[in-house]
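These are the residues of each chain, in order.
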Amino acid sequence: MHDVATHAAAHDDSTAQYFWVWGALLVLTAIEVVLGYRQVFTPVRMLEVLLILSIIKSALIIGYFMHLKFEKSLMRWMLVLSVTACFIIMYFFFFPDAGRVMPPPDGVGLQ
């Protein structure tokens, strides 16, 4: 029979590791806030940078706090493939309308 205590002991769940991940999440969030207020990049580049930082943060949360790091590789690959498929589907749904949200040449209203 599978013992829960043995399963938990097999994971290296040290408190220090969780504090490192929490610190990394805090730093990434601070970077996102600073980038949001300073407007360092163009709006499109800013969106790309913020999305990449959010993907890194979600990977840390899923991997450590939701314990996916300790799952079998098949489970991890299924998650990666399903999230990738969702992004591809979202691309096909939203990309045709992406041109409408850009401001028109005269700067008034939407296209």
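To keep things clear, this report deals only with the structure shown in the data block. On a predicted model such as this, the values are computed, not experimentally measured, just so you know. (Residues numbered from 1 in each chain as written. Predicted model: local features only at pLDDT ≥ 70, side-chain atom pairs only at ≥ 80, totals over all residues. Heavy atoms only, no water.)

Remarks on a nonpolar patch on the surface
Okay, so step 1: On the surface, Ile55, Leu79, Val83, Phe87, Ile89, Met90, Phe93 and Phe94 cluster together to form a nonpolar patch covering roughly 790 Å² of accessible area.
Okay, so step 2: No other element matches helix H4 (residues 73-94), which puts seven residues into the nonpolar patch.
Okay, so step 3: Residue placement: Met90 occurs in helix H4. (Patch = residues over 30% accessible without salt bridge, like charges linked within 9 Å, V, L, I, M, F, W, Y side chains within 5 Å. Areas by Shrake-Rupley, 256 points an atom, 1.4 Å probe, with all protein chains shown as cover. Salt bridge = Lys/Arg side-chain N within 4 Å of Asp/Glu carboxyl O. Helix = DSSP H or I, 4+ residues; strand = E, 2+ residues; numbered from the N terminus.)

Thoughts on the pattern of salt bridges
Okay, so step 1: Applying the stated criterion across every chain yields a total of two salt bridges.
Okay, so step 2: The residue Glu32 makes a salt bridge to Lys57 at a minimum N-O spacing of 3.0 Å. Remark: Lys57 occurs in helix H3 (residues 43-65) and Glu32 occurs in helix H2 (residues 15-38); sequence separation between them is 25 residues.
Okay, so step 3: Overall, the relative accessible area of 15% leaves Glu32 in the buried class.
Okay, so step 4: Between Arg45 and Glu48 there is a salt bridge, with the nearest N and O atoms lying 2.8 Å from each other. Of this pair, Arg45 and Glu48 are both found in helix H3, three residues apart, which corresponds to roughly one turn of the helix. (Buried < 20%, exposed > 50% of the residue type's maximum accessible area, 1.4 Å probe, protein only.)

Remarks on the packing of aromatic side chains
Okay, so step 1: With the rule as written, the count across this model stands at two aromatic pairs.
Okay, so step 2: With 5.6 Å between their ring centres and 25° between their planes, Tyr18 and Phe65 make a pair best called stacked. With Tyr18 in helix H2 and Phe65 in helix H3, this pair connects stretches of sequence that are 47 residues apart.
Okay, so step 3: Residues Tyr91 and Phe92 carry aromatic rings whose centres are separated by 5.5 Å and whose planes lie at 70° to one another, so their mutual orientation is edge-to-face. (Phe/Tyr/Trp six-rings, centres within 6.5 Å; stacked < 30°, edge-to-face > 60°.)

Notes on H2
Okay, so step 1: Helix length check: H2, at 24 residues, gives a terminal C-alpha distance of 35 Å against a target of 34 Å (1.5 Å per residue), a fit within 8%.
Okay, so step 2: Those residues of H2 not exposed but buried are Gln17, Tyr18, Val21, Leu25, Leu28, Glu32 and Leu35.
Okay, so step 3: Gln39 sits one or two residues past H2 and shows a positive phi near 55°. (Expected span 1.5 Å × (residues − 1).)

What to know about unusual backbone geometry
Trans peptide bonds make up the majority, and among non-glycine residues the majority have a negative phi.
Okay, so step 1: Of note in this structure, Gln39 is not a glycine but carries a positive phi near 55°.
Okay, so step 2: If you trace the backbone, Gln39 turns up in the loop between H2 and H3.

Looking at the side chain of Lys57
Okay, so step 1: Assessed through its relative accessible area of 15%, Lys57 is described here as buried.
Okay, so step 2: Excluding residues within four positions of it along the chain, Lys57 makes contact with Leu25, Leu28, Thr29 and Glu32. (Contact = heavy atoms within 4.5 Å.)

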